[in-house]
Amino acid sequence: MATSIVYHYVIVLLLFVFCLEVSSSTVGSRSILRVISDDTDLPDAAVDLNTTNFDSVLKDTPASFAIVEFFAHWCPACRNYKPQYERVARLFNGREAVHPGILLMARVDCAEKINTKLCDSFSVTYYPMLLWGPPSKFVSVNKWDPKEKSDIIAIDDGRTADRLLNWINKRMVSSYNLDDEKFENEHLTVNVSDHRQIVRAVYDVEEATSSAFDIILEHKMVNSLTRPSLKGFLQLLVAHHPSRRCRKGSADILVNFDEFWPSDLSSSNKQHPNVSHGMDAVQGLQVCGKEVPRGYWIFCRGSKNETRGFSCGLWVLLHSLSVRIEDGESDFAFKTTCEFIHDFFICQECRQHFYDMCSRVSSPFKKATDFALWLWTAHNQVNERLIKEEATHKTGDPKFPKMIWPPKQLCPSCYLSQPSRGKNDTVDWNKDEVYKFLVDYYGKMLVSLNKDSSLEEERRASSIADEMVASTNVVAVPLGAALGIALASCAFGALACFWRSQQKNRKQRRSRSGDVTREK
């Protein structure tokens with residue numbers, strides 16, 4: 001009897017253990033399937049191109065190089081190759097890219113009829129076919145011939161992710177790895193003596209502009225007190241932002257400014273019924289176009305996630321504005337910038353420090369050089385403060401330490417004398433040379449890439465925003481282009497009113513014709 005009871009207990013125990021194993025196996029299987037599913041559900045990193053967007057995407061990319069894969073969706077080899085191509089693309093493309101803004105990886109489906117002429121222009125004779133070159137060289141290609149010397153070349157050894165990345169590394173003299181992690185890399189360019197780096201900062205200026213407006217809207221910072229400074233800053237952006245798309249986006253907001261934020265807006269956004277509607281509309285306008293924000297930084301990218309980025313981009317934006325103004329605008333630009341930072345820069349200590357420097361200016365600025373040099377001095381004072389604080393708290397970016405700007409490597413002529421090592425003497429600056437450097441660095445060089453990439457587009461069509469900017473530059477009045485900006489803002493408002501009145505008249509005519517028809 002006792003033996004039988006023990007036997008039954010053993011059987012029950014074994015069944016219990018078996019059930020546990022089956023249960024854990026089932027759960028494990030499901031989790032494995034879930035992981036596989038999650039991996040396959042990841043959005044593609046490579047950019048899908050076709051005839052309609054091919055030129056525009058390659059023209060606008062901040063990347064120095066591009067790889068375009070020509071494939072056919074029905075091709076088994078292409079389907080098998082896609083995961084390999086995607087592994088490399090995730091390093092360079094998208095918001096989560098480890099090395100953004102360096103290489104654009106795209107694909108074109110030649111099996112789609114819309115792309116027949118496009119694929120033919122690149123002499124596609126097999127799938128998948130990979131072509132490499134500067135993005136601008138892919139634009140408006142009539143017929144690429146692989147036998148002729150060209151900036152576009154075929155990649156002959158890229159059939160796996162490892163082999164493709166190895167080919168890229170040889171071509172770029174780099175050391176990218178498939179296991180690279182975001183912000184933990186050795187690939188950042190830190191040569192401060194290379195003045196050409198600023199060329200790509202125009203993309204960061206767009207990113208900073210878009211991010212600034214996102215912060216303003218997310219934190220509901222526009223009220224009766226801050227409204228004027230936002231309007232003034234928008235006028236400054238419309239006239240002098242280095243990016244054409246940001247000038248146009250700022251103008252769109254300025255035209256409808258009084259609708260988004262009425263003049264009787266209370267100090268608390270909650271009390272006005274139109275505020276939430278206005279905020280939604282502004283968010284829909286996208287101050288620098290639908291492509292921005294991109295979600296990453298290029299010139300302003302730090303070696304760690306929490307360094308550089310937005311603050312760097314905002315400084316570049318302010319400097320780029322300061323070197324584009326005319327003599328009559330200097331004081332307007334200074335006051336507008338001071339008020340904008342005071343009202344909308346959300347870091348309290350930095351905001352207060354900047355405004356304190358603004359408050360120490362006792363007389364109005366009269367020349368364009370006044371504001372540009374004041375901003376340069378203010379930036380160096382901020383850097384001096386942060387050098388000490390970051391040294392104390394060990395919070396600086398080791399690859400991009402704060403420094404007095406510009407360093408001698410970038411502008412030897414800016415220095416009349418330099419402090420001796422170990423001494424705290426101030427630099428004796430040649431301010432005329434400093435101003436020339438600022439104009440060249442944040443003016444001509446910053447927009448050179450932007451101008452080259454959009455030259456044909458500028459010739460084909462000129463936006464209303466650019467026409468408005470042109471009009472502000474020819475106003476010869478004591479207030480200079482500051483008055484021109486105000487006039488231009490009114491012009492936009494008049495244009496908007498005219499358009500609305502035309503729409504209203506059309507509706508009335510339709511309504512009358514409908515009444516006549518019914519009477520008949």
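With an unreviewed UniProt entry as reference, the protein is termed Sulfhydryl oxidase, source organism Papaver somniferum. Under the UniProt heading Cofactor (unreviewed entry), the entry covering the protein gives this text: "FAD". The Catalytic activity (unreviewed entry) comment attached to the protein in UniProt states, word for word, "2 R'C(R)SH + O2 = R'C(R)S-S(R)CR' + H2O2".

1. As for the environment of S303
Mapped onto the elements of the fold, S303 is located in the loop between α11 (275–285) and α12 (310–322). We classify S303 as buried; its relative accessible area is 8%. For the pair S303 and F400, spaced 97 residues apart in sequence, the C-alpha to C-alpha distance is 7.8 Å.

2. As for the sheet that holds strand β3 (residues 103–109)
The 5 strands lie next to each other as β1-β3-β2-β4-β5, forming an open sheet whose pairing is mixed. With one partner strand each, in any of the chains shown, β1 (47–49) and β5 (153–154) form the two edges of the open sheet. Against the sheet, helix α3 (residues 76–92) touches β2 (65–71), β3 and β4 (129–133), its axis set at about 155° to β3. Packing against the sheet, helix α6 (residues 161–172) makes contact with β2, β3, β4 and β5, and its axis sits at approximately 20° to β4.

3. So, the state of the cysteines
Enumeration according to the criterion identifies 5 disulfides in this entry. One disulfide in the model links C300 with C312; its S-S distance is 2.1 Å. Torsion about the S-S bond of the C300 and C312 cystine: about -65°, corresponding to left-handed handedness. Taken together, the residues span a long stretch of sequence, with C300 in the loop between α11 and α12 and C312 in helix α12 at a distance of 12 residues. We classify C312 as buried; its relative accessible area is 12%.

4. Some words on the pattern of salt bridges
All chains considered together, the criterion is met by 18 salt bridges. Between K335 and D331 there is a salt bridge, with the nearest N and O atoms lying 3.0 Å from each other. On the criterion of helical spacing, the pair formed by K335 and D331 is a turn pair, its members being 4 residues apart in helix α13 (residues 330–344). For K335, a relative accessible area of 44% puts it in the partly exposed group. Owing to a relative accessible area of 14%, D331 belongs among the buried residues under this scheme.

5. Here's the deal with the pairing of β2
Counted residue by residue, β2 has 6 buried out of 7 residues, so it is predominantly covered. Strand direction decides the pairing type here: β2 and β3, joined by 7 bridges, are parallel. Bridge pairing in β3 links F65 to L103. Read from β2 through α3 to β3, the crossover connection turns out right-handed. Where β2 lies against β4, 5 bridges are found, and the strand directions are antiparallel. By the bridge assignment for β4, A66 is matched with G133.

6. Details of the pairing of β3
Most of β3 is tucked away: 7 of the 7 residues are buried. Neither face of β3 is exposed, since L103, M105, R107 and D109 on one face and L104, A106 and V108 on the opposite face are all buried. In the sheet, β1 pairs with β3 via 3 bridges, with the strands oriented parallel. Bridge pairing in β3 places D48 opposite R107.

7. Points about the nonpolar core
Among the nonpolar cores identified, the biggest contains 76 residues, and I198, L230, V316, F354 and W374 are the most heavily contacted of them. Top element by residues in this core is helix α15 (residues 368–393). It accounts for 10 residues. Leaving out residues up to four positions away in the same chain, L230 has contacts with F213, I216, V222, F257, W261, F340 and F344. Counting 23 residues, the second largest nonpolar core, distinct from the first, contains L91, A161, L164 and Y176.

8. Notes on the side chain of H319
One can find H319 in helix α12. When its relative accessible area of 3% is taken as the criterion, H319 is described as buried. Engagement of the side chain of H319 in a polar contact is seen with the side chain of H379, the distance being 2.8 Å. Apart from residues lying up to four places away in sequence, H319 is in contact with L375, W376, H379 and Y442.

9. Focus: the packing of aromatic side chains
Summed over all chains, the structure comprises 24 aromatic pairs. Measuring from centroid to centroid gives 6.0 Å for Y81 and Y85, while their planes differ by 40°, and the two rings are tilted. Within this pair, Y81 and its partner Y85 are both found in helix α3, separated by 4 residues, close to a single helical turn. Of the two residues, Y81 and Y85, both sit in the buried class. With centroids separated by 5.3 Å and ring planes inclined at 45°, the aromatic side chains of F340 and F344 adopt a geometry described as tilted. Note that F340 and F344 are positioned in helix α13 at a spacing of 4 residues, about one turn of the helix. Comparing F340 with F344, the two get one shared label, buried. A network of ring pairs unites the aromatic residues W315, F334, F354, F365, F371 and W374 as a single cluster. In this arrangement the basic side chain of R308 is found over the ring face of F299, its NZ or CZ atom lying 5.9 Å from the centre. One residue, R308, lies across the ring of F400, its end atom 4.2 Å from the ring centre.

About the criteria used
Residues numbered from 1 in each chain as written. Predicted model: local features only at pLDDT ≥ 70, side-chain atom pairs only at ≥ 80, totals over all residues. Heavy atoms only, no water. UniProt positions renumbered as here; feature names shortened; annotations may be inferred. Helix = DSSP H or I, 4+ residues; strand = E, 2+ residues; numbered from the N terminus. Buried < 20%, exposed > 50% of the residue type's maximum accessible area, 1.4 Å probe, protein only. Pairing = 2+ DSSP bridges. Contact = heavy atoms within 4.5 Å. Axes fitted to C-alpha atoms, helices over the stretch in contact; angles between N-to-C directions. Disulfide = S-S within 2.5 Å. Salt bridge = Lys/Arg side-chain N within 4 Å of Asp/Glu carboxyl O. Right-handed = clockwise from strand over helix to strand, strands pointing away. Core = buried A, V, L, I, M, F, W, Y, C linked by side-chain atoms within 4.5 Å. Polar contact = N/O pair within 3.5 Å; in protein donor to acceptor, adjacent residues only side chain to side chain. Phe/Tyr/Trp six-rings, centres within 6.5 Å; stacked < 30°, edge-to-face > 60°. Lys NZ or Arg CZ within 6 Å of the ring centre and 35° of its normal.

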